[in-house]
Amino acid sequence: MRSALLAAVGHDLRRPLASATAAVSGLRATDVALSADDRAELLGTADESLESLSALITNLLDVSRLQAGALAVRRVVLPALDELELGPEQVDLDLGPQLSTVLADAGLLQRAIVNVVADGIRFAPAGTRVRISASEFAGQVEIRVTDHGPGIPARRRADVFVPFQRLGDTDNLTGLGLGRAIAKGFVEGMGGTLDADDTPGGGVHHGDRPAGYSGRPGRGGTQMKILIADDDPQILRALRITLGARGYEIITAGDGADALNAVIEQHPDLLMLDLGMPRLDGLAVIEAVRGWSQVPILVVSGRTGAADKVDALDLGADDYVTKPFSIEELLARIRALTRRVPSVGDEPVVQFGAVTVDLAAKRVNGAASEVI
């Protein structure tokens, strides 16, 4: 459990810290004049980020006190639903009247349940309910959370519990906010297991989401277009305002698939992206972009391991910044990259022998074929 805690907490603490740092740096800048609306938005971003950071630290202090004991399943599930403010219109309960007690820490188990149920609610289609059931077999109690969301391919099911893998999750998790990896660590630390399985009857698929774009006219400098891809809306907001105030045109994308589409359609002068994004992670985006474009790529990530940096740079990233960062450092790296690797106006066309693939037109050899 300690290993899972350290692996997941380091990254998730950096997220709100990076957003708050970026917002405060923007507010303290003396080289640009921010509008009243921009200042208010940056203050709001800093406030939200620090509130998230405070909640994370509070919960970490809570879970440091592990006290295992016998407890009834209802004593854990019902408080978890109260914490999420969920009622019968969102959740079906089938906890069984004669279940044995389980040996666990009430606080840790409740937070693991909060984490899993929040995921189910987030991905459940409108008008459907999440089902929480409990059963007993061979002296063990199983708590099952069932939803009819988009589902996870079997080959990626184990990735759900790997730190930094979001698989469509674009918000901080309710409760601990430490991700499914740490929820699994809590459960296994108490002698249990946490696994993903198919929902009987299957799920439904969500449609594609368009990328979000936010342009701003230049303020006395060159109109350079920067695409920022990150699944954290707070850091997107802080960077959009702070970099926009310095004359950059900012395009934003909340996941890897939208980022790749934006590179194809918008032709940015610089791509700035996180690694842990849903739909396509940052490494997949780098690899796809490098198949046809030499646009400068700056990775801005909470992953601090040398292996992550090596993987990103080997796939074609030009530079790597670890969260949290100062705006001054980020601006210096942007200037250095755009001096060293000027944009060459690449077209999204890839050649495979005699086969030509036009990514923008979504055509192969002139025949219509969806490839994105």
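Keep in mind that this is a model prediction, so the values were computed, not measured. (Residues numbered from 1 in each chain as written. Predicted model: local features only at pLDDT ≥ 70, side-chain atom pairs only at ≥ 80, totals over all residues. Heavy atoms only, no water.)

Let's talk about the overall build of the protein chain
Looking only at helices and strands, one finds 10 helices and 15 strands in the protein chain. Counting every position in the protein chain, which comprises 372 residues, the buried fraction comes to 46%. Taking the intrachain contacts of the protein chain between residues at least 6 apart in sequence as the baseline, contacts between residues at least 24 apart amount to 71%. (Helix = DSSP H or I, 4+ residues; strand = E, 2+ residues; numbered from the N terminus. Buried < 20%, exposed > 50% of the residue type's maximum accessible area, 1.4 Å probe, protein only. Contact = heavy atoms within 4.5 Å.)

Side note on the pairing of strand E11 (residues 319-322)
Inspection of the sheet shows strand E10 (residues 297-301) paired to E11 by four bridges, in the parallel sense. Residue pairing in the sheet places Val-300 in a bridge with Val-321 of E11. With helix H9 (residues 306-315) bridging E10 and the parallel E11, this β-α-β connection has right-handed handedness. (Pairing = 2+ DSSP bridges. Right-handed = clockwise from strand over helix to strand, strands pointing away.)

A closer look at the sheet that holds strand E2 (residues 91-94)
Taken together, three strands build an open sheet; the order of strands is E2-E4-E5 and the sheet is mixed. At either margin of the open sheet sits one strand with a lone partner, and together these are E2 and strand E5 (140-146). Adjacent strand axes in the sheet meet at a mean angle of 15 degrees when their direction is disregarded. Relative to E5, strand E4 (residues 130-137) is paired through seven bridges, and the arrangement is antiparallel. Directly across from Ile-132, in E5, lies its bridge partner Val-145. In this fold helix H3 (residues 73-84) packs onto E2, E4 and E5, with an angle of close to 175 degrees to the strand it touches most, E2. (Axes fitted to C-alpha atoms, helices over the stretch in contact; angles between N-to-C directions.)

Quick word on the confidence of the model for the protein chain
In this model, the protein chain carries an average pLDDT of 77, and 70% of its residues clear a pLDDT of 70 or more. No element of the protein chain has a lower mean pLDDT than strand E6 (residues 212-214), which averages 36, and none a higher one than strand E9 (residues 270-273), which averages 96. Scored below 50 in pLDDT, residues 166-178 makes 57 contacts in the model with residues more than four places away or belonging to other chains. In this model, residues 201-222 is a region of pLDDT below 50 whose contacts with residues beyond four sequence positions or in other chains number 47 contacts. (pLDDT = per-residue confidence, 0-100.)

Comments concerning the side chain of Asp-230
Residue position: Asp-230 is located in the loop between strand E7 (225-229) and helix H6 (233-244). Owing to a relative accessible area of 4%, Asp-230 belongs among the buried residues under this scheme. Within the structure, Asp-230 has its side chain in polar contact with the backbone nitrogen of Asp-232 (distance 2.9 Å). With residues up to four places along the chain from it excluded, the contact list for Asp-230 reads Ile-235, Leu-236, Ala-253, Gly-254, Asp-274, Met-277, Val-300 and Lys-323. (Polar contact = N/O pair within 3.5 Å; in protein donor to acceptor, adjacent residues only side chain to side chain.)

Here we look at the pattern of salt bridges
Taken as a whole and assessed by the stated rule, the structure comprises 16 salt bridges. Salt-bridge contacts for Glu-48 lead to Arg-237; the nearest nitrogen and oxygen are separated by 3.3 Å. Taken together, the positions of Glu-48 in helix H2 (residues 36-63) and Arg-237 in helix H6 put the pair 189 residues apart, joining distant regions of the chain. Residue class for Glu-48 comes out partly exposed when judged on its relative accessible area of 31%. Of the residues examined, Arg-237 reaches a relative accessible area of 19% and is grouped as buried. (Salt bridge = Lys/Arg side-chain N within 4 Å of Asp/Glu carboxyl O.)

A short note on helix H4 (residues 106-123)
Between its first and last C-alpha atoms H4 spans 26 Å; for 18 residues at 1.5 Å apiece the expected length is 26 Å, and the two agree. Among the 18 residues that make up H4, 13 are buried, leaving the element largely enclosed by the rest of the structure. (Expected span 1.5 Å × (residues − 1).)

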